[in-house]
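Spelled out, the chains give:
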Amino acid sequence: MAPIYSERLHMNCLKAPSSGLPQSALPETLALDAGLIIDPATRAIQPNISMSVNNQVIPGEGAFSAAGIADISQEPFTYARWLNPTVRALETRMAALEGGEDALAFATGVAAIAGMFLTVLKQGDHLIIGDVTYAGAAELARSILPDFGIEVTPVNLSVPGALAAALRPNTRLVHCESPCNPILRLTDLAEVARIAHAHGALVSVDSTLATPVSTRPLSLGVDLVVHSLTKFINGHGDALGGIVVGRQALIAPMRGRAGVYLGAAMPAMNAWLILRGIDTLFPRMRQINATAQRLAEFLETHSGVTRVIYPGLASHPQRQLAERQMDLPGGMIFFQTADPPFMARQLAARLRVMHYAFSLGHQRSIVTLLDTAEMTGGTYRLTPEQLADYRTYAGDGGFRLSVGLEAPEDLIRDLDQALSG
């Protein structure tokens, strides 16, 4: 397979010279230049924004219907919902970063998950999904997929033997997160892939919290990697997006099915903004990770904090797995206090540098309380045993802290005054 940033993925519609990256280019370089096309008229090195809905075609070239086209990415650009040059540049860049053959971008992260589920799964299939996953994915699996005759089983994929015990003859897909949102529990991706593949099932992982700076799941045997591009990859809190990366044999039918018929196409402007974010992904994430380590160590010693969960701490329950599977421990921290509702009100009133708000992965630090009952009851109807296991790990809930680019000293001072007294 040719490198993802070769001309093969740009077709005859992108005839301008590429950046000419060597095949040995490292990830930091790929984040800047993979798939970069130099504008033939201006020689501009910043990617253009193609806002046009329509592109001219030569008679006999292209098609009005996607039906019967094996791989739309190999067709000329005709209509933006099918294929857009700016969005295609983003797909190329992300596939290169993850070491995948191809990628398909969507309007949002949950649209990417829905497009993957509704392509891979059909009536009569069985989905195993991690019992702690992004709420949008969990509620989609619990509330929508059964309407299509798809069976769904939530499983704690960090428990040895749990996956093997949950597999059925009709299990088609195992979907997990690592680290999972929000409690930062890890999944041994290589082990899950080994067990699932032996059964004939595919494996997908939502790697939003890790980013390719920390973990590259395809190299561990995972089949499909999902990202909410809205978060760390964009990194500026100003553009929604999602993507699925994997083998071309898996992405091509997803593009022809979900990419065309679900209508969740990514806008060109969002793709351009996210490409801008990827330019600085590696230095941003390294600074964020360094700050997160300092904050986690500070919180672990603070009198107002009862527990801190962070993959970079020796106290993380899966510290050895974190060291084996993650190049960096990530930009998310989960911490607990004695009276979470009271502390939530106190943080919201006292914080001056950090923001009390939802979402994550932005350039500014964000913290919010997530209650255990909300996280579990609003996603899966867990058995009493599963709920007890969850509470053993996460207690009655806690605070999800997304670390930004502020000076760590300012964040520590801000948290200290907000948590104290």
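Our subject is the structure that appears above.
The sections below set out a description of the structure shown in this document.

Cut-offs used in this document
- Residues numbered from 1 in each chain as written.
- Predicted model: local features only at pLDDT ≥ 70, side-chain atom pairs only at ≥ 80, totals over all residues.
- Heavy atoms only, no water.
- Helix = DSSP H or I, 4+ residues; strand = E, 2+ residues; numbered from the N terminus.
- Buried < 20%, exposed > 50% of the residue type's maximum accessible area, 1.4 Å probe, protein only.
- Contact = heavy atoms within 4.5 Å.
- Pairing = 2+ DSSP bridges.
- Right-handed = clockwise from strand over helix to strand, strands pointing away.
- Arc of directions from axis to C-beta.
- Phe/Tyr/Trp six-rings, centres within 6.5 Å; stacked < 30°, edge-to-face > 60°.
- Lys NZ or Arg CZ within 6 Å of the ring centre and 35° of its normal.
- 1 Å grid on protein atoms, 1.4 Å probe; cavity = no way out; pocket = protein on both sides within 12 Å on 5 of 7 lines; lining within 4 Å.
- Points joined across faces, edges and corners; volume = space filled by probe spheres on them.
- Polar contact = N/O pair within 3.5 Å; in protein donor to acceptor, adjacent residues only side chain to side chain.
- Axes fitted to C-alpha atoms, helices over the stretch in contact; angles between N-to-C directions.
- Salt bridge = Lys/Arg side-chain N within 4 Å of Asp/Glu carboxyl O.

1. Structural notes on the overall build of the protein
Here is step 1 of the chain: Helix and strand counts for the protein come out as 15 helices and 12 strands.
Here is step 2 of the chain: A buried classification covers 57% of the 421 residues belonging to the protein.
Here is step 3 of the chain: Long-range contacts, defined here as pairs at least 24 residues apart, represent 74% of the contacts in the protein between residues at least 6 apart.

2. Regarding the pairing of strand β3 (residues 151-155)
Here is step 1 of the chain: In this sheet, β3 lies alongside strand β2 (residues 126-130) in parallel orientation, the contact comprising five bridges. When the sheet's bridge partners are listed, Gly130 is paired in β3 with Val155.
Here is step 2 of the chain: In this fold, β2 hands off to helix α4 (residues 135-144), which returns the chain to β3; that crossover is right-handed.

3. Some details on the sheet that holds strand β11 (residues 366-371)
Either a parallel or an antiparallel arrangement is found when strands of a sheet pair, and the pairing is made through backbone hydrogen bonds.
Here is step 1 of the chain: Spatial strand order, β8-β9-β12-β11-β10: five strands in an open sheet with mixed pairing. Each edge of the open sheet is held by one strand with a lone partner, namely β8 (307-309) and β10 (355-356).
Here is step 2 of the chain: In this sheet, strand β12 (residues 397-402) lies alongside strand β9 (residues 332-336) in antiparallel orientation, the contact comprising four bridges. Each bridged residue has a counterpart across the sheet, and for Ile333 the counterpart in β12 is Leu401.

4. Concerning helix α12 (residues 340-350)
Here is step 1 of the chain: Of the positions making up α12, those classed as buried are Pro340, Met343, Ala344, Gln346 and Leu347. For α12, the buried positions fall inside an angular range of 165° around the axis, keeping them on one side.
Here is step 2 of the chain: At its buried positions, α12 is contacted by β9, β10, β11, β12 and α15 (408-419).

5. Side note on the packing of aromatic side chains
Here is step 1 of the chain: Under the definition given, this model contains one aromatic pair.
Here is step 2 of the chain: Measuring from ring centre to ring centre gives 5.2 Å for Phe335 and Phe399, while their planes differ by 20°; the resulting arrangement is stacked. With Phe335 in strand β9 and Phe399 in strand β12, this pair connects stretches of sequence that are 64 residues apart. Each member of the pair Phe335 and Phe399 is classed as buried.
Here is step 3 of the chain: If you follow Lys231 out to its NZ or CZ, it ends over the ring of Tyr134, 5.9 Å from the centre.

6. Describing empty space enclosed by the protein
Here is step 1 of the chain: Taken as a whole, this structure holds three cavities of 30 Å³ or more when the rule is applied.
Here is step 2 of the chain: Volume-wise, the largest cavity comes out at about 120 Å³.
Here is step 3 of the chain: When its volume is computed, the second largest cavity comes out at roughly 70 Å³.
Here is step 4 of the chain: Around the second largest cavity sit Gly130, Val132, Asn156, Leu157, Ser158, Cys176, Glu177, Cys180, Arg185, Leu186 and Thr187, which together line it.

7. Side note on the environment of Ile38
Here is step 1 of the chain: Relative to the elements of secondary structure, Ile38 occurs in the loop between α1 (27-33) and α2 (85-98).
Here is step 2 of the chain: Overall, the relative accessible area of 11% leaves Ile38 in the buried class.
Here is step 3 of the chain: Spatially, the C-alpha atom of Ile38 lies 9.1 Å from that of Asn48, the residues being 10 residues apart in sequence.

8. Quick look at unusual backbone geometry
Here is step 1 of the chain: Of the consecutive residues Ser178 and Pro179, the connecting peptide bond is found in the cis state with omega at -10°.
Here is step 2 of the chain: Position of Pro179 relative to the elements: it lies in the loop between β4 (171-177) and α6 (189-199).
Here is step 3 of the chain: With a phi angle near 60°, Leu184 is a residue other than glycine that sits in the positive phi range.

9. Describing the pairing of β11
Here is step 1 of the chain: Counting buried residues in β11 gives five out of six residues, a clear majority hidden from the surface.
Here is step 2 of the chain: Direction of pairing for β10 relative to β11: parallel, over a ladder of two bridges. In the strand pairing of β11, Tyr356 is matched with Val367.

10. Quick look at the environment of Thr119
Here is step 1 of the chain: Following the sequence through the fold, Thr119 ends up in helix α3 (residues 109-120).
Here is step 2 of the chain: Residues Thr119 and Ile251, 132 residues apart in the sequence, show an inter-C-alpha distance of 9.5 Å.
Here is step 3 of the chain: Dropping the residues within four chain positions of it, Thr119 is found in contact with Pro253, Met254, Arg257 and Ala258.
Here is step 4 of the chain: In terms of polar contacts, Thr119 uses its side chain to reach the backbone carbonyl oxygen of Gly115, at 2.8 Å.

11. What to know about the sheet that holds β3
Here is step 1 of the chain: Read from one edge of the open sheet, seven strands run β1-β7-β6-β5-β4-β2-β3, paired in mixed fashion. Strand pairing shows two members of the sheet lacking a second neighbour, β1 (102-106) and β3, which therefore form its edges. Neighbouring strand axes in the sheet, compared pairwise and without regard to direction, differ in orientation by 20° on average.
Here is step 2 of the chain: Looking at chain direction, β1 and strand β7 (residues 242-246) are connected through five bridges and run antiparallel.

12. A few points about the pattern of salt bridges
Here is step 1 of the chain: This structure, assessed with the given rule, holds 17 salt bridges.
Here is step 2 of the chain: Taking the shortest distance from any N to any O, the salt bridge between Arg286 and Glu28 comes out at 2.5 Å. Within this pair, whereas Arg286 is found in helix α10 (residues 281-301), its partner Glu28 is found in helix α1, the two being separated by 258 residues in sequence.
Here is step 3 of the chain: Note that Arg93 and Asp279 form a salt bridge whose closest N and O atoms lie 3.3 Å from each other. Placement of the pair is Arg93 in helix α2 and Asp279 in helix α9 (residues 268-279), with a sequence separation of 186 residues.
Here is step 4 of the chain: On the basis of relative accessibility, which here comes to 2%, the residue Arg93 falls in the buried class.
Here is step 5 of the chain: Salt bridges linked by common partners bring Arg88, Glu91, Asp102 and Arg255 together as one network.

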